[in-house]
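# Per-entry structural report
Spelled out, the chains give:
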Amino acid sequence: MLSPLEETLLSLMMVIIMFGMGSSLTFKDFRLAMRHPQAVGVGFASQYMLMPLIAFLLSRVLNLTPEQTVGLILVGCMPGGTTSNIFAYFSKSLLSLSIMMTICSTLAGFIMVPLLMEFYTQGIDDAFRIPPDQIARLLFVLLIPTLIGMWLRRKNSNVGAVIELMGGVLGAIVILFLVVTWVPRNWRLLVETGWEVYAAVILIGLIGFAFGYLFSRALRLNPQKARTVSLETGIQNGPLAALIVIMTFADETQQLILLIPVMYSLFIVINSTIATLFYRRMTRREELARDQAKVEPA
């Protein structure tokens, strides 16, 4: 499903993204995040409570195979992807809050992902399960470039800003290259894949958006924060899930489990674009209503 070159690029992309993510963050940002402690907490709960459960229930409702179930639950257990920060920006959500939630869920993923995978994949053949220590080791290794990026940003803010920009640009180039090379080579796979796989990779994102928003509003977050949490909930780190599968399995088992993370990574861009356009329109309506409220008293 992925050529050796694409697997290498995927690994390189994750290191670049984590390095750039660390370079975008200063230790001061953690103090600033305390201005929105409830929003960060709600986002964390949405990420590690709602999404794994949604993935588990979808795998049961759609009657997925054990390999597909493991792939879907792995996607559901992933921390937020940096793609959510891009869509948060274009949807006029709180970009700083989105970045902070991505960082927090990524740092916590070292502990949370292995625990959740162990819990939700009980009863599945051990040949298809991912050892928790394997996940923890990989996530720990990926934390190193994040911490190095934070350290560089602290030592020299200009260098950190340049690295942040380069990380974002290079990450986007690698993602675009993977999509351009993967889709033409695997068009037959896309045609032959069953409807339940398409339903799983599309619905997990859409349901994540909806539940993230409703959960946030139920806990009395304002609409802008709720939209930020919604995007952060529905957009998972699909490339990281694919990398974990590649580093854990081989041969046919790898291909069967890898199908869900790869398909999710393709379709979440479409889902996120639709959600972003919808949320951007909501934001404009709110801004217009506020402007009218200011004019009417005068």
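Look a little higher up for the structure.
Residues numbered from 1 in each chain as written. Predicted model: local features only at pLDDT ≥ 70, side-chain atom pairs only at ≥ 80, totals over all residues. Heavy atoms only, no water.

### Thoughts on the overall build of the protein chain
- For the protein chain, the helix and strand inventory stands at 13 helices and zero strands.
- Reading the protein chain from its N end, one meets helices and strands in the order α-α-α-α-α-α-α-α-α-α-α-α-α.
- In the protein chain, buried positions account for 50% of the 298 residues.
- Excluding contacts between residues fewer than 6 apart, the proportion of contacts in the protein chain whose partners are at least 24 apart in sequence is 83%.
- Approximately 14,400 Å² of the protein chain is accessible, and the part contributed by carbon and sulfur atoms is 68%. (Helix = DSSP H or I, 4+ residues; strand = E, 2+ residues; numbered from the N terminus. Buried < 20%, exposed > 50% of the residue type's maximum accessible area, 1.4 Å probe, protein only. Contact = heavy atoms within 4.5 Å. Areas by Shrake-Rupley, 256 points an atom, 1.4 Å probe, with all protein chains shown as cover.)

### With respect to the environment of Tyr48
- Relative to the assigned elements, Tyr48 resides in helix 3 (residues 37-61).
- By relative accessible area, which is 4% here, Tyr48 ends up buried.
- A C-alpha to C-alpha distance of 6.4 Å links Tyr48 and Cys77, two positions 29 residues apart in sequence.
- Within polar-contact distance, the side chain of Tyr48 engages the backbone oxygen of Ser105 at 2.5 Å.
- At 3.5 Å, the side chain of Tyr48 forms a polar contact with the backbone nitrogen of Gly109. (Polar contact = N/O pair within 3.5 Å; in protein donor to acceptor, adjacent residues only side chain to side chain.)

### A few points about a nonpolar patch on the surface
- The grouping of Ile86, Tyr89, Phe90 and Leu95 at the surface amounts to a nonpolar patch, some 410 Å² of accessible area in total.
- Here the nonpolar patch takes three residues from helix 5 (residues 83-90), the largest share from any one element.
- Secondary-structure assignment places Phe90 in helix 5.
- Judged by its relative accessible area of 46%, Phe90 is partly exposed. (Patch = residues over 30% accessible without salt bridge, like charges linked within 9 Å, V, L, I, M, F, W, Y side chains within 5 Å. Salt bridge = Lys/Arg side-chain N within 4 Å of Asp/Glu carboxyl O.)

### Here's the deal with unusual backbone geometry
- Positioned with a positive phi, Asn63 is a non-glycine residue whose angle comes to about 55°.
- You can see Asn63 is positioned in the loop between helix 3 and helix 4 (66-77).
- Its identity as a non-glycine residue notwithstanding, Lys92 has a phi of 65°, on the positive side.
- Structurally, Lys92 is set in the loop between helix 5 and helix 6 (95-120).

### Thoughts on helix 11 (residues 223-234)
- In a regular helix each residue adds 1.5 Å, so twelve residues correspond to 16 Å; helix 11 covers 16 Å between its end C-alpha atoms and thus fits that length.
- Burial analysis of helix 11 places ten of its twelve residues in the buried class, which makes it a mostly covered element.
- Looking at helix 11, one finds that the buried residues are Lys225, Ala226, Arg227, Thr228, Val229, Ser230, Leu231, Glu232, Thr233 and Gly234.
- Taking the backbone nitrogen of Gln224 as reference, a side-chain oxygen 3.1 Å away marks Asn222 as the first, capping residue of helix 11. (Expected span 1.5 Å × (residues − 1).)

### Some thoughts on the environment of Arg129
- For Arg129, the position within the fold is in the loop between helix 6 and helix 7 (132-155).
- Looking at Arg129, the relative accessible area reads 17%, which means it is buried.
- For the pair Arg129 and Glu118, spaced eleven residues apart in sequence, the C-alpha to C-alpha distance is 8.3 Å.
- The contacts of Arg129, once residues within four sequence positions are left out, are Met117, Glu118, Thr121, Gln122, Ile124 and Phe249.
- Only 3.0 Å separates the side chain of Arg129 from the backbone oxygen of Glu118, close enough to count as a polar contact.

### Here we look at the side chain of Thr102
- Relative to the elements of secondary structure, Thr102 occurs in helix 6.
- By relative accessible area, Thr102 is classed as buried at 0%.
- In terms of polar contacts, Thr102 uses its side chain to reach the side chain of Glu232, at 2.6 Å.
- Other than its neighbours up to four places away in sequence, Thr102 contacts Met21, Gly80, Gly81, Thr82, Ser84, Asn85 and Glu232.

### Concerning the packing of helix 6 against helix 11
- The geometry of helix 6 relative to helix 11 is characterised by a closest axis approach of 10 Å and an angle of 40° between their N-to-C directions. Relative to helix 11, helix 6 is oriented oblique. The handedness of the crossing between helix 6 and helix 11 comes out as right-handed. Between helix 6 and helix 11, the residues in contact are Leu97, Ser98, Met101, Thr102 and Ser105 and Lys225, Thr228, Val229 and Glu232, respectively.
- Classifying every residue of the contact of helix 6 with helix 11 by side-chain character gives three nonpolar, four polar and two charged. (Axes fitted to C-alpha atoms, helices over the stretch in contact; angles between N-to-C directions. Parallel < 35°, antiparallel > 145°, perpendicular 65-115°, else oblique. Left-handed = near helix turned anticlockwise from the far one by under 90°. Nonpolar A, V, L, I, M, F, W, Y, C, P; charged D, E, K, R; others polar.)

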